[in-house]
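# Structural overview
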Amino acid sequence: MQKIYVSLLLVLVTFGLKAQSYIGFMTDNYSGVNRVINNPANIADTPFTFDINLVGASTIFGNDAYSSESLSILTGDDFEFPDSLMESFTEDNFAYSYSDILGPSVMVNINAKNTIALYTRARAIINASDIDGAQIDQFADDFDADTDDFIINNLNSSAVAHGWGEVGLSYARVFKDDNEHFFKGGATIKYLVGFASGYGE
């Protein structure tokens, strides 16, 4: 049951939401082909001659109903959902989820100045808004009571979801590097395909 609590917590606990994936990893010069999804120019001047990625995933969840003062509370042995969390219920709470999967991808340094990369990627976004906090509180109570029965009556809420994939071919080049000035650039050609899209209220 503890695993279920932790899984649900990952959905409910507030995190700082960013517009980029793989937060904290993309800034590393040794992240290889992964850097291409942030900016194609990043693969130029990489320390790798060749880099391959089989699969990688980045997921962000957020909401404004539950929060925690520190990550140590979430990982402690005495953690209990929802008692260990701070509650901020309103009539229009929101929840957000963004998932990014980098599939088989490869990067090759042609020479010191030119680099190419071919990558596959899939992404999904879910956004729910105007959720009645009283319904969230009732769901948490039912979950804590370990019951399979619960009622949701929230006529004002809405949710939208999108899922899509892409195949990208990127090229990057170092245009100037004289120890005093450094300039590089890059471009990507993408093929996009939609997986699913939905809206409900």
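### Here's the deal with a nonpolar patch on the surface
A cluster of nonpolar side chains, contributed by Phe-50, Ile-52, Leu-54, Val-55, Ile-101, Val-108, Ile-110, Ile-116 and Tyr-171, occupies part of the molecular surface with about 860 Å² of accessible area. Assignment of secondary structure puts Ile-116 in strand S7 (residues 114-131). With a relative accessible area of 34%, Ile-116 lands in the partly exposed category.

### Quick look at the nonpolar core
Generally speaking, a soluble globular protein has its nonpolar side chains buried in company with each other. With 13 residues, the main nonpolar core has Val-36, Ile-37, Ile-43 and Ala-117 as its most contacted residues. For this core, the secondary structure elements donating two or more residues are S7 and strand S8 (158-177). Residue contacts for Val-36: discarding those within four places in its chain leaves Ile-43, Ala-117, Tyr-119 and Ser-170. Core analysis: the next-biggest nonpolar cluster, separate from the first, contains nine residues, Ala-65, Leu-74, Phe-79 and Ile-136 among them.

### Regarding the packing of aromatic side chains
Taken as a whole and assessed by the stated rule, the structure comprises three aromatic pairs. With centroids separated by 5.8 Å and ring planes inclined at 80 degrees, the aromatic side chains of Tyr-30 and Phe-48 adopt a geometry described as edge-to-face. Here Tyr-30, found in the loop between helix H1 (2-12) and strand S1 (50-53), pairs with Phe-48, found in the loop between H1 and S1; they are 18 residues apart in sequence, far enough to count as distant. The class of Tyr-30 is exposed, set by a relative accessible area of 55%.

Calculation rules
Residues numbered from 1 in each chain as written. Predicted model: local features only at pLDDT ≥ 70, side-chain atom pairs only at ≥ 80, totals over all residues. Heavy atoms only, no water. Patch = residues over 30% accessible without salt bridge, like charges linked within 9 Å, V, L, I, M, F, W, Y side chains within 5 Å. Areas by Shrake-Rupley, 256 points an atom, 1.4 Å probe, with all protein chains shown as cover. Salt bridge = Lys/Arg side-chain N within 4 Å of Asp/Glu carboxyl O. Helix = DSSP H or I, 4+ residues; strand = E, 2+ residues; numbered from the N terminus. Buried < 20%, exposed > 50% of the residue type's maximum accessible area, 1.4 Å probe, protein only. Core = buried A, V, L, I, M, F, W, Y, C linked by side-chain atoms within 4.5 Å. Contact = heavy atoms within 4.5 Å. Phe/Tyr/Trp six-rings, centres within 6.5 Å; stacked < 30°, edge-to-face > 60°.

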